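Here is how the chains run, residue by residue.
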Amino acid sequence: MTDTQHIFMRFSAKTSEWAGKPATFVLALVLVILWAATGSFFDYSQTWQLVINTGTTIITFLMVFVLQNAQTRDTRAIQAKLDELILTSHAENRFIGIENLDEDDLKHLDRLVAKAAKGGQAEKQAAADAAPKSTKTATAVRKKIDAAARSRKDKRSGAPKGAAEELTVPISRWRRRG
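Residues numbered from 1 in each chain as written. Predicted model: local features only at pLDDT ≥ 70, side-chain atom pairs only at ≥ 80, totals over all residues. Heavy atoms only, no water.

(A) How the structure looks around the overall build of the protein chain. Scanning the protein chain from N- to C-terminus turns up seven helices and zero strands. Looking at the protein chain as a whole, 21% of its 178 residues are labelled buried. Look at the contacts in the protein chain between residues 6 or more apart in sequence, and 59% of them connect residues 24 or more apart. (Helix = DSSP H or I, 4+ residues; strand = E, 2+ residues; numbered from the N terminus. Buried < 20%, exposed > 50% of the residue type's maximum accessible area, 1.4 Å probe, protein only. Contact = heavy atoms within 4.5 Å.)

As structure tokens, this is what we get:
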């Protein structure tokens, strides 16, 4: 099984690299032009149309899996490199694993980091405190996030419009301790 995965990994990496080259685009364009040019020879029949439709559908379907494999591997490698940079720099180690947070929490964290970037030691500490302390499992983080989201929703229900930003629960309240 591992050997098969290794073969597929190498295949997807090479295919992804090959698919992104300008020559591959030109080849695909030439094939479409040739197909279009042969339309009058085949009287623009349904079979003639089916050839391009079937070919492009099959290639697209297979490329989704190949490219997703390559992208997932690249994302993991980039994440490992970023984690290593965090660990070897003066950055907060608590930022390791924030990719497991949901979209709303990442947006909230982005706002905190943007405030910290504009200055002020208090904002910098708030952004550092916003990241989870540990990344043992994404499930545990999500449970705390869901609880905080319910808490925010309950608090917002009676709030006047425009006050929602002040009522958000800081990420630091539900970060993992450890």
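(B) How the structure looks around the side chain of S12. With respect to the helices and strands, the residue S12 is situated in helix α1 (residues 2-19). A relative accessible area of 0% means that S12 is categorised as buried. Side chain to side chain, S12 and N69 meet in a polar contact 2.6 Å long. Those residues within four positions of S12 in sequence are excluded, and the remaining contacts are V66, N69, A70 and R73. (Polar contact = N/O pair within 3.5 Å; in protein donor to acceptor, adjacent residues only side chain to side chain.)

(C) Summary view of helix α4 (residues 103-117). Between its first and last C-alpha, α4 extends 21 Å over 15 residues, near the 21 Å set by a 1.5 Å rise per residue. All of the buried residues in α4 are D105, H108, L109, L112 and A116. When α4 is viewed along its axis, its buried side chains cluster within an angular range of 100° and face the same direction. With respect to the buried face of α4, the exposed residues turned more than 90 degrees away are E103, D104, D110 and A117. Positive phi shows up at G119, right after α4, with a value of about 125°. (Expected span 1.5 Å × (residues − 1). Arc of directions from axis to C-beta.)

(D) Focus on the environment of G97. Mapped onto the secondary structure, G97 falls in the loop between α3 (46-88) and α4. Given a relative accessible area of 5%, G97 falls into the buried group. Remark: the alpha-carbon pair of G97 and D83, spanning 14 residues in sequence, is separated by 8.3 Å.

(E) Quick look at the layout of surface pockets. Within this model, the largest pocket holds a volume of roughly 450 Å³. Surrounding the largest pocket, 16 residues form its lining, A28, L31, G55, T56 and I59 being those nearest its centre. Its residues placed into classes, the lining of the largest pocket shows 12 nonpolar, four polar and no charged. (1 Å grid on protein atoms, 1.4 Å probe; cavity = no way out; pocket = protein on both sides within 12 Å on 5 of 7 lines; lining within 4 Å. Points joined across faces, edges and corners; volume = space filled by probe spheres on them. Nonpolar A, V, L, I, M, F, W, Y, C, P; charged D, E, K, R; others polar.)

(F) Expanded view of the packing of aromatic side chains. The tally for this structure, following the rule as stated, stands at five aromatic pairs. Summarising the aromatic geometry, the rings of F8 and F11 are spaced 6.5 Å apart at their centres and angled 35° between planes, so their arrangement reads as tilted. Placement of the pair is F8 and F11 together in helix α1, with a separation of three residues, close to one helical turn. Here F8 falls in the partly exposed class, since its relative accessible area comes to 33%. A relative accessible area of 47% places F11 in the partly exposed class. An aromatic cluster of at least three residues, connected via ring pairs, comprises W35, Y44 and W48. (Phe/Tyr/Trp six-rings, centres within 6.5 Å; stacked < 30°, edge-to-face > 60°.)

(G) Expanded view of the side chain of T15. Tracing the chain through its elements places T15 in helix α1. For T15, a relative accessible area of 14% puts it in the buried group. Reaching out from T15, the side chain makes a polar contact with the backbone oxygen of F11 at a distance of 2.8 Å. Not counting residues within four places of it along the chain, the set of residues in contact with T15 comprises M63 and V66.

(H) Quick look at α3. Look at α3: 62 Å from first C-alpha to last across 43 residues, which is about the 63 Å you get at 1.5 Å a residue. If you look at α3, its biggest bend is around 25°, right at M63. Looking at α3, one finds that the buried residues are W48, M63, V66, A70, D83 and I86. Where α3 is buried, its residues meet α1 and α2 (22-37). (Bend = angle between axes of the 7 residues up to and from the residue.)

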